[in-house]
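Secondary and tertiary structure notes
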Amino acid sequence: MRTAADFPMNKKEKPIGIFDSGIGGLTVLKEIFRELPFENTVYLGDTARVPYGIRSPETVTRYSFENARFLISEDIKLLVIACNTASSVSLDAIRRSVPVPVLGVIKPGARAAVSCSKNKKIGVIGTEATIKSSSYTRAIKEVDGDVEVFSLACPLFVPLVEEGWSEGRIAEMIAETYLNNIRDKCVDTLVLGCTHYPLLKNVITKVMSETVTLIDSAVETAG
Ligand code: DGL
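These notes cover the structure that comes with them. In this text the structure is predicted, and so the values were computed from the model without any measurement. (Residues numbered from 1 in each chain as written. Predicted model: local features only at pLDDT ≥ 70, side-chain atom pairs only at ≥ 80, totals over all residues. Heavy atoms only, no water.)

Considerations on the layout of surface pockets
Space inside the largest pocket adds up to approximately 340 Å³. Forming the boundary of the largest pocket are 19 residues, of which Ser 87, Leu 91, Asp 92, Ile 106 and Lys 107 lie nearest the centre. At the level of secondary structure, the elements contributing two or more residues to the lining of the largest pocket comprise α3 (84-97), α4 (106-116) and α6 (135-143). Ranked by residues supplied to the lining of the largest pocket, first place goes to α3 with eight residues. Tallied by class, residues from the lining of the largest pocket come to eight nonpolar, five polar and six charged. Volume-wise, the second largest pocket comes out at about 210 Å³. In this structure, the second largest pocket is lined by 22 residues; those nearest its centre are Pro 51, Tyr 52, Gly 53, Thr 127 and Val 158. (1 Å grid on protein atoms, 1.4 Å probe; cavity = no way out; pocket = protein on both sides within 12 Å on 5 of 7 lines; lining within 4 Å. Points joined across faces, edges and corners; volume = space filled by probe spheres on them. Helix = DSSP H or I, 4+ residues; strand = E, 2+ residues; numbered from the N terminus. Nonpolar A, V, L, I, M, F, W, Y, C, P; charged D, E, K, R; others polar.)

Pasting the structure below:
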């Protein structure tokens, strides 16, 4: 397998800029490193203002513009909005106002979910702001209007991960309580619509069963 060491940094090449509300977007950066080890990157984690998921669309959009402006000042050639919440509420506005191409995580995750699902029942979990925006439901329905989408906000998942409690009884009890509802809908695919959720994969799989495919938007965006 190729690693970054096989591709000496080309200082002349402009970097890809990536931002998230905090460190969760490092899951996206890691996948970009894996897929594109020869690219230069600049990562901005807005740890001073995390979490975004409980804030209004106006506030998240304002933060996203500030992050985008900072990365543009770093002379990036492409902007990746790794944060699902920011992608959900501000992608179009950012796209209209920056001079570089902008990628979000919602469409790649939605496309992957539709191509994985056999029974056309897809679950989506994310922050309150992401779920309220219906961004995943819209994106999934754009790909296939026959799919049934069951979405659920899981607000305690982010603090759980931040606390380092991604495994164990507390995580399992919280996941069980949230996911019961979605499990009862017999979804065969579940979109992890938040940068923190891949870190809860083991617990989520235990609750949902191994037969449910988990879609990691970070992996799909980098690919
Ligand atoms: N980065 C956010 C997301 O993917 C999760 C953390 C937050 O609420 O800021 O939605």
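Structure's up, so let's keep going.
Looking at the packing of helix α8 (residues 169-183) against helix α9 (residues 201-208)
With their axes 9 Å apart at the nearest point, α8 and α9 run at an angle of 50° to one another. Taken together, the axis directions place α8 and α9 in an arrangement best described as oblique. Seen from above, α8 lies across α9 with right-handed handedness. Between α8 and α9, the residues in contact are Ala 171, Glu 172, Ala 175, Glu 176, Leu 179, Ile 182 and Arg 183 and Val 203, Ile 204, Lys 206, Val 207 and Met 208, respectively. (Axes fitted to C-alpha atoms, helices over the stretch in contact; angles between N-to-C directions. Parallel < 35°, antiparallel > 145°, perpendicular 65-115°, else oblique. Left-handed = near helix turned anticlockwise from the far one by under 90°. Contact = heavy atoms within 4.5 Å.)

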